[in-house]
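# Analysis of the macromolecular model
In case you want the letters, here they are:
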Amino acid sequence: MNIAIGSDHAGVELKEQIKTFLASKSIEVLDVGPHDEISVDYPDYAKLVTDHVCKDKNTLGILICGTGIGMSIAANKVNGIRAALVTSVEMAEMTKRHNNANVLCLSARMIDPEVNLAMVKTWLETDFEGDRHQRRIDKIHALEQ
Ligand code: RB5
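Now for a description of the structure that goes with this document. (Residues numbered from 1 in each chain as written. Predicted model: local features only at pLDDT ≥ 70, side-chain atom pairs only at ≥ 80, totals over all residues. Heavy atoms only, no water.)

## Some remarks on the site of the ligand
Quick note on the threshold: Each residue is tested against the molecule or strand, and it is near if at least one of its non-hydrogen atoms lies within 4 Å. Each polar contact in these results corresponds to two N or O atoms within 3.5 Å; when the atoms are within protein, one needs to be able to donate a hydrogen and the other to accept it, and residues that are neighboring in sequence are counted only if both atoms are side-chain atoms. Per-residue accessibility takes into account occlusion by the displayed protein chains alone, with areas from the Shrake-Rupley method and a 1.4 Å probe. Three classes are used, and their members are as follows: Ala, Val, Leu, Ile, Met, Phe, Trp, Tyr, Cys and Pro are nonpolar, Asp, Glu, Lys and Arg are charged, and the others, Gly among them, are polar.
Surrounding the ligand, one finds Asp 8, His 9, Ala 10, Tyr 42, Cys 65, Gly 66, Thr 67, Gly 70 and Arg 109. Note that an oxygen atom of the ligand is positioned 2.9 Å from one of the backbone N or O atoms of Thr 67. In this structure, an oxygen atom belonging to the ligand sits 2.9 Å away from a main-chain N or O atom of Gly 70. The protein chains hide 69% of the 290 Å² of surface that the ligand would expose on its own. The class makeup of the residues in the shell around the ligand is 3 nonpolar, 4 polar and 2 charged.

## Here's the deal with the pattern of salt bridges
How we decide: For salt bridges, the criterion is a side-chain nitrogen of Lys or Arg within 4 Å of an Asp or Glu carboxyl oxygen. The numbering of helices and of strands both runs from the N terminus, where a helix is a DSSP run of H or I of at least 4 residues and a strand a run of E of at least 2. Note on exposure labels: buried denotes an accessible area under 20% of the residue type's maximum, exposed denotes more than 50%, and partly exposed covers the range between, all computed with a 1.4 Å probe on protein chains only.
The full count for this structure, using the stated rule, is 7 salt bridges. Measuring nitrogen to oxygen at the nearest pair gives 3.0 Å for the salt bridge that ties Lys 47 to Asp 51. Here Lys 47 and its partner Asp 51 are both found in helix α2 (residues 42-55), 4 residues apart, which amounts to about one turn of the helix. Since its relative accessible area comes to 48%, Lys 47 is described here as partly exposed. According to the relative accessible area criterion, Asp 51 is partly exposed, its value standing at 30%. With a closest N to O distance of 2.6 Å, Glu 129 and Arg 97 form a salt bridge.

## Brief notes about the environment of His 35
Here His 35 shows up in the loop between β2 (28-33) and α2. Considering only alpha carbons, one finds His 35 and Ser 7, 28 residues apart in sequence, at a separation of 9.3 Å.

## With respect to the pairing of β2
Where we set the bar: Any two strands with at least two DSSP bridges between them are considered paired. When the strands point away from the viewer and the connection leading from the first strand across the helix to the second strand turns clockwise, the crossover is called right-handed.
Where strand β1 (residues 2-7) lies against β2, 5 bridges are found, and the strand directions are parallel. Following the sheet pairing, Ile 5 is matched in β2 by Asp 31. One crossover worth recording links β1 to the parallel β2 by way of helix α1 (residues 12-24), and it is right-handed.

So this is what it looks like as structure tokens:
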């Protein structure tokens, strides 16, 4: 499994911390930027990350902005994307178990880095349960038509 990661200016520092964590787990990471804290527009980076997730089933996405809200709104406009904004380890676990979220959205300004790292770890280590949850996901994707 690979990770495509992106942020806006608010999330650059947390993005670096997450990259360090992922490298320590030998997970391949593609950083779509930005690489400095000059103001940018989060939908541009949501597009870059979701393009990678849509192209390759083995790629998951991580998107970071100040609140995580803008990134989650933007990413969920893309067909095939199930982006979840999470604020606790329990939410990170459940969004993999039940929603099979393929993009994790994080808040750099409102959630502590330790909690964000713990959520990334849990999301990556948790398996999707399938079964009735797959039926519900199929119904979500039917809404895209
Ligand atoms: C940027 O100031 C801020 O609006 C953005 O990072 C994000 O929180 C949007 O949802």
